[in-house]
Amino acid sequence: RPAASVLDIALWDNTSFDLAGDLQRRTVPFLFYTSWDDLELIPLALREMPFLEKPIHFALVARLLSKMITGGQVTEIERDVDQNFTEDQ
């Protein structure tokens, strides 16, 4: 069982929505790190999950992943806290 996961929505031949639903049912924290921008095609049950749009500094992705591993599912990105960081953090 993974401690947490980072998913891209667009896969080579499909999407990661089925995997995201499985992770959600198993209470494995996850976030989407994707260039997907059509929110209407995202299943309703997954729209509350955090979406980070590419390109974004991977340090933010790592920070949120660390937060999920220690504290569980992140459903809202605290922009003031999560996005204000330096390269050293």
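Higher on the page you've got the structure.
Small disclaimer: the values here were computed from a predicted structure and weren't measured.

Calculation criteria
- Residues numbered from 1 in each chain as written.
- Predicted model: local features only at pLDDT ≥ 70, side-chain atom pairs only at ≥ 80, totals over all residues.
- Heavy atoms only, no water.
- Core = buried A, V, L, I, M, F, W, Y, C linked by side-chain atoms within 4.5 Å.
- Buried < 20%, exposed > 50% of the residue type's maximum accessible area, 1.4 Å probe, protein only.
- Helix = DSSP H or I, 4+ residues; strand = E, 2+ residues; numbered from the N terminus.
- Contact = heavy atoms within 4.5 Å.
- Pairing = 2+ DSSP bridges.
- Axes fitted to C-alpha atoms, helices over the stretch in contact; angles between N-to-C directions.

Caption draft 1: How the structure looks around the nonpolar core. In this structure, Leu7, Ile9, Phe17, Ala20, Leu23, Val28, Phe30, Phe32, Ile42, Leu46 and Met49 together form the largest nonpolar core, which totals 11 residues. Elements with a contribution of two residues or more to this core: helix H1 (17–25) and strand E2 (30–34). Top element by residues in this core is H1. It accounts for three residues. For Ile9, the residues in contact, after removing those within four places along its chain, are Asn14, Thr15, Ser16, Phe17, Phe32, Thr34, Trp36, Ile42 and Phe51. Listed in part, the nine residues of the second largest apolar core include Ala4, Tyr33, Val61 and Met68.

Caption draft 2: Molecular detail of the sheet that holds E2. Across the sheet, three strands lie side by side as E1-E2-E3; this open sheet has parallel pairing. Single-partner strands in this sheet number two, and they are strand E1 (5–7) and strand E3 (51–53). Sheet twist, expressed as the average angle between the axes of neighbouring strands with direction ignored, equals 25°. Sheet topology places E1 next to E2; three bridges connect them, and they run parallel. Directly across from Leu7, in E2, lies its bridge partner Phe32. Relative to the sheet, H1 contacts E1 and E2, its axis offset from that of E2 by approximately 160°. Of the strands in this sheet, E1, E2 and E3 are in contact with helix H2 (residues 58–71), which crosses E2 at around 170°.

The values reported here are purely geometric and, on their own, carry no functional implication.
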